[in-house]
Structures are given as structure tokens and as C-alpha cells.
Amino acid sequence: MKVLVTGGAGYIGSHACVALLEAGHDIVVLDNFANSCMTSLDRVKQITGEDFPVVEGDVNHHRVLDSLFNSHDIDAVMHFAGYKAVGESCEKPLLYYRNNVAGTLSLCEAMQKHQVALLIFSSSATVYGDPPTVPIKEDFPLTATNPYGRSKLMVEEILRDLVSAEQLTGSGAWQIALMRYFNPVGAHPSGLIGEDPNGIPNNLLPYISQVAIGRLPALSVFGSDYPTIDGTGIRDYLHVMDLAEGHVRALDYLAQGKSTSGCHTWNLGTGKGYSVLEMIRAFESASGKTVSFKMAPRRAGDIAACWADTSKAENELGWTASRGLSEMMEDSWRWQLGNPQGYRS
Ligand code: NAD
Ligand code: UDP
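Residues numbered from 1 in each chain as written. Chains lettered and ligands numbered in written order. Predicted model: local features only at pLDDT ≥ 70, side-chain atom pairs only at ≥ 80, totals over all residues. Heavy atoms only, no water.

Chemist: Which parts of the structure should I look at to understand the packing of helix α3 (residues 62–71) against helix α5 (residues 93–113)?
Modeler: Pairs of packed helices are described in terms of their axes, by the angle between the two and the distance that separates them. Closest axis-to-axis distance for the α3/α5 pair is 10 Å, and the angle between their directions is 35°. Seen along the crossing, α3 lies across α5 with a hand that is right-handed. Residues H62, L65, D66 and F69 of α3 pack against S106, L107, E109, A110, M111 and K113 of α5. (Axes fitted to C-alpha atoms, helices over the stretch in contact; angles between N-to-C directions. Helix = DSSP H or I, 4+ residues; strand = E, 2+ residues; numbered from the N terminus. Left-handed = near helix turned anticlockwise from the far one by under 90°. Contact = heavy atoms within 4.5 Å.)

Pasting the structure below:
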């Protein structure tokens, strides 16, 4: 299949490009490089030995999309393009709704116009808010506590409406996958592509690795009084290559038309949670470095514990995360060591 990968130069998108090419698909990348650069795509070409077209442009721009769909025979879209910083979304909600919600609307309009009906959307476990219990199943109640989360929830609702409308009229062409990611970490084992946050990282793993390499003095552990094994927050961390391969499985599933309805939801996680202190220890043993840290107050909006029930993805997609914690840490460290300043190294 020929797959349009929006946001393909970003952290998850670049790994998905590798997984798609390795599975024998053709790709076209659309990215405006708002949070990435061409180097990641050059590295994807280096890893896979494959060339592919890259369109520099914005998913909000109808003319860019029209021209892209006119010049490439696209079968399916993986939609990673969007903004993802929770704090920034609270300061600039309009920017987030414009890019994440309106951008997806423009994309769907273009897909409808050009009769491309297969869409895989990057959602997030954030749509579960503070879950009543763990592990989290796909049918748990949905809620959002910040504009970023709300943008994901809104897009999910829009996509569900799109499929319902077609089912009402019996036209039924859309095949949509809502992929709810838990906490993607790690990097491609080559060390050539990985997560390259702008400025000081918000997420745990990039922060830990920048402390380990000496770019940052110490990690603040947000909260030591949660009702968890050691008082620190628990999350379901999964290797970004497992995540990428999950998308390829979803693509195969949708393409084979195994579905009775056109909108599917899958959790992508490992089903196992680790605390912040466990993550620090695992990183130290993979890297041989000491990670300085200090206990700090809870971060506003954080929940105590969150991990996935992955049985739906396992049963329907035949997908489970195969890479363990030490592989996630070793691959993160290899990426950090080889690229101490990210792609600017
Ligand atoms: P990223 O910022 O590394 O990648 C996003 C890419 O989209 C970047 O290359 C950026 O330049 C591009 N982009 C942004 N707006 C665009 C636009 N209007 N037009 C074209 N390109 C645009 O982020 P990521 O971590 O790879 O996340 C990818 C997707 O997965 C996002 O939608 C994010 O919300 C979602 N997600 C990420 C995580 C995570 O922890 N990284 C977790 C859950 C969901
Ligand atoms: N965390 C932390 N210090 C940091 C960043 C994160 O203690 O500098 C904790 C955070 O409180 C949470 C876990 O690490 O318990 C994962 O946070 P992250 O921001 O990576 O992902 P989230 O689950 O919040 O999306």
C-alpha cells in the first residue's frame, strides 16, 4: 500500500516510517517541520535503504493536501501531525485546537474528496483521564483535563461521527483506527533516530537521559506520596518500535476489511506499569551512569498510576509489545550518546 504519513519527521512518525518500509509499504511524508527536521527522514532512508517523497507543508492547508493527493496514489493515511505539550496547550488552546482538531478536519475533507478512506489516528491514553481502576480497557469512560487531551477526545468523537454518518446512509467506506498510546520511549536500535525534544524535556525518559549525559543537573521526581509501591507515579512505558509496528498491524487489519463497523479503538501499551524510581534504576543499569534526582511536589494534573489492558490489540491485531524495559533504556541511551544535542549534533 502507499501510505501518507503526516508528521512523519517527528519522534513516533519517523519510527513508523521505518516500520512501514520494512513491512514492504511505500510512503509519502507530509511535515511542516514545526517540531522536527529533515535529518530524521534522511536517517530513515539510511536505516531502510529506501527513498520516498517528502512534502514540506501543513495539514491545515487544503491546497497542499489537494496537490499531494493528486500527485500520489495514496491508499491510507497515518496521521501523526499535531502538537503534544500539555502545558503549552493550557497557555495556547487556540493553537492546539487549530492544529490538532482543525488540521484533522482538513485532512479528512481532503481524504473524502480524493476517496481515501483508511485512516490511522494518533490518540492517547490521556483520553481516559484519571481512570477508576487499572488496567485500562478501551471501553472505560473518556474525559479530558486539558486542551491537548480535549483535542484528542474531540478528534476521536469527530471520527466516530464520520463513521456513524456513513453507517446511517449505508455508504460505509471509512475504516478508521484510533490508537491510544500509553508512554512511548526508546529509539530505533541503530541509534540514528530517536526523540529530540525542543528545549527542556517535559517527559520522563528524555529528561533522565539528558541528566545522564550531563546536559541537565538533576531530575525532579514529581510526587513521592502517591498510593503506589514507592510513592512515585506509575506509567505503562512501551518501546517506540513496538508502537510503530502496532500501527502497521492496524493498517493490515483495516485493509483486510475484517471489520463490521468502521471505527476501531486499540490501546497500545505493554500492560505493565513502572514507577519513576524503577525507571531511574533501569536507566542507570542500562547506561552505567548515575542519574541525580530530587523529590519534588506532585505535578498538577498527574495521576497516580496508569497502565493498559492490551488484550483487545492482542486478540484483534495479533500485536503485543515484545521489547522489555532494558531494551527501551539501552536504545534510549544509544540514541542520546550518539546524538547528545539531538539532530543538531
Ligand atoms: P512530534 O512533535 O515529534 O511529531 C509530530 C510531527 O508533526 C512533527 O514532525 C511536526 O513537525 C509535525 N507537525 C505538527 N503540526 C503539523 C502540521 N500542522 N502539519 C504538518 N506537520 C505537522 O510528536 P510525536 O511524539 O511523534 O507524536 C506524534 C503524535 O502522537 C502526536 O499527534 C501526539 O499527540 C501523539 N501522541 C504522542 C505521545 C508521546 O508521548 N510522544 C503520546 C500519545 C500520543
Ligand atoms: N515525571 C517526573 N519528572 C519529570 C517528568 C516526569 O517525575 O521531569 C513523572 C511524571 O510525574 C509521571 C511520569 O514521570 O509520573 C511520566 O511522565 P511523562 O511526562 O513522561 O508522561 P505522562 O504520563 O505524564 O504523559
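Picking up where we left off.
Chemist: For this particular structure, what's the right way to read the packing of aromatic side chains?
Modeler: Any aromatic ring pair is given by two values, namely how distant the centres are and how the planes are angled relative to each other. Under the defined criterion, the tally for this structure stands at five aromatic pairs. Relative to Y96, the ring of Y83 has its centre 5.5 Å away and its plane inclined at 55°; by these criteria the two rings are tilted. Note that Y83 is positioned in the loop between β4 (76–79) and α4 (86–91) and Y96 in helix α5, a separation of 13 residues in sequence. On the basis of relative accessible area, Y83 is assigned to the partly exposed category, the value being 23%. When the ring of F283 is compared with that of W333, the centres are 5.7 Å apart and the planes differ by 80°; the resulting orientation is edge-to-face. In this pair, F283 sits in helix α9 (residues 276–287) while W333 sits in helix α11 (residues 325–338), placing the two residues 50 residues apart along the sequence. (Phe/Tyr/Trp six-rings, centres within 6.5 Å; stacked < 30°, edge-to-face > 60°. Buried < 20%, exposed > 50% of the residue type's maximum accessible area, 1.4 Å probe, protein only.)

Chemist: Honestly, α5 in this entry has me stumped. Any pointers?
Modeler: Counting along an α-helix, one turn takes 3.6 residues, and residues three or four places apart therefore face a common direction. Here α5 is 21 residues long and its end C-alpha atoms lie 29 Å apart, about the 30 Å a rise of 1.5 Å per residue gives. Along α5, the sharpest change in direction is near 30° and occurs at A102. Along α5, the residues that are buried comprise Y96, N99, N100, V101, A102, G103, T104, S106, L107, C108, A110 and M111. Where α5 ends, the next residue or the one after it, Q115, has phi of about 55°, a positive value. (Expected span 1.5 Å × (residues − 1). Bend = angle between axes of the 7 residues up to and from the residue.)

Chemist: What am I meant to see in the site of ligand 2 here?
Modeler: The local shell around ligand 2 holds 15 residues, among which L204, S220, R235, R299 and D302 are the closest. The separation between an oxygen atom of ligand 2 and a polar side-chain atom of N183 is 3.0 Å. A distance of 2.8 Å separates an oxygen atom of ligand 2 from a polar atom in the side chain of R299. Relative to its unbound accessible surface of 520 Å², ligand 2 loses 86% to contact with the protein. For the shell around ligand 2, the secondary-structure elements that each account for two or more residues are α7 (204–212) and β8 (219–222). Class assignment for the residues of the shell around ligand 2 results in seven nonpolar, five polar and three charged. (Near = heavy atom within 4 Å. Polar contact = N/O pair within 3.5 Å; in protein donor to acceptor, adjacent residues only side chain to side chain. Areas by Shrake-Rupley, 256 points an atom, 1.4 Å probe, with all protein chains shown as cover. Nonpolar A, V, L, I, M, F, W, Y, C, P; charged D, E, K, R; others polar.)

Chemist: Would you explain the pattern of salt bridges in this entry?
Modeler: Pairs can form between side chains of opposite charge whenever their charged atoms are close. By the definition in use, this model includes 14 salt bridges. For the salt bridge of K312 with E316, the shortest nitrogen-to-oxygen distance reads 3.3 Å. Of this pair, K312 and E316 both sit in helix α10 (residues 311–317), separated by four residues, roughly a single helical turn. The exposure class assigned to K312 is partly exposed, which follows from its relative accessible area of 25%. Taking relative accessible area as the criterion, E316 reaches 29% and is therefore assigned partly exposed. Note that D331 is salt-bridged to R334, the shortest N-O span being 2.6 Å. Taken together, the residues D331 and R334, both in helix α11 and three residues apart, mark about one turn of the helix. Residue class for D331 comes out buried when judged on its relative accessible area of 4%. (Salt bridge = Lys/Arg side-chain N within 4 Å of Asp/Glu carboxyl O.)

Chemist: Help me out: how do you make sense of the sheet that holds strand β6 (residues 175–181) in this one?
Modeler: Whenever strands of a sheet pair, they do so through backbone hydrogen bonds, lying parallel or antiparallel. Here seven strands make up an open sheet; going across it, the order is β3-β2-β1-β4-β5-β6-β11 and the pairing parallel. Looking along the sheet, the strands with just one partner apiece sit at the ends: β3 (54–56) and β11 (263–268). Here the strands of the sheet are splayed against their neighbours by 20° on average, with no regard to which way each runs. Across seven bridges, strand β5 (residues 118–124) lies against β6 in parallel orientation. Pairing of L119 across the sheet is with I176, part of β6. Docked against the sheet, α5 engages β1 (2–6), β4 and β5, running at close to 170° with respect to β5. (Pairing = 2+ DSSP bridges.)

Chemist: It is not clear to me how empty space enclosed by the protein should be interpreted in this structure. Could you clarify?
Modeler: To locate leftover empty space, one rolls a probe as large as a water molecule over the atoms. Tallied over the full model, the rule gives two cavities of 30 Å³ or more. One number sums up the size of the largest cavity: a volume of about 150 Å³. Put simply, the parts of the chain that give the lining of the largest cavity at least two residues each are α7 and α11. Ranked by residue count, the leading element in the lining of the largest cavity is α7, at four residues. Its residues placed into classes, the lining of the largest cavity shows seven nonpolar, eight polar and three charged. By volume, the second largest cavity is sized at about 30 Å³. Around the second largest cavity, the lining residues are H79, A81, G82, N100, T104, F121 and K152. Taken together, the residues of the lining of the second largest cavity sort by class into two nonpolar, four polar and one charged. (1 Å grid on protein atoms, 1.4 Å probe; cavity = no way out; pocket = protein on both sides within 12 Å on 5 of 7 lines; lining within 4 Å. Points joined across faces, edges and corners; volume = space filled by probe spheres on them.)

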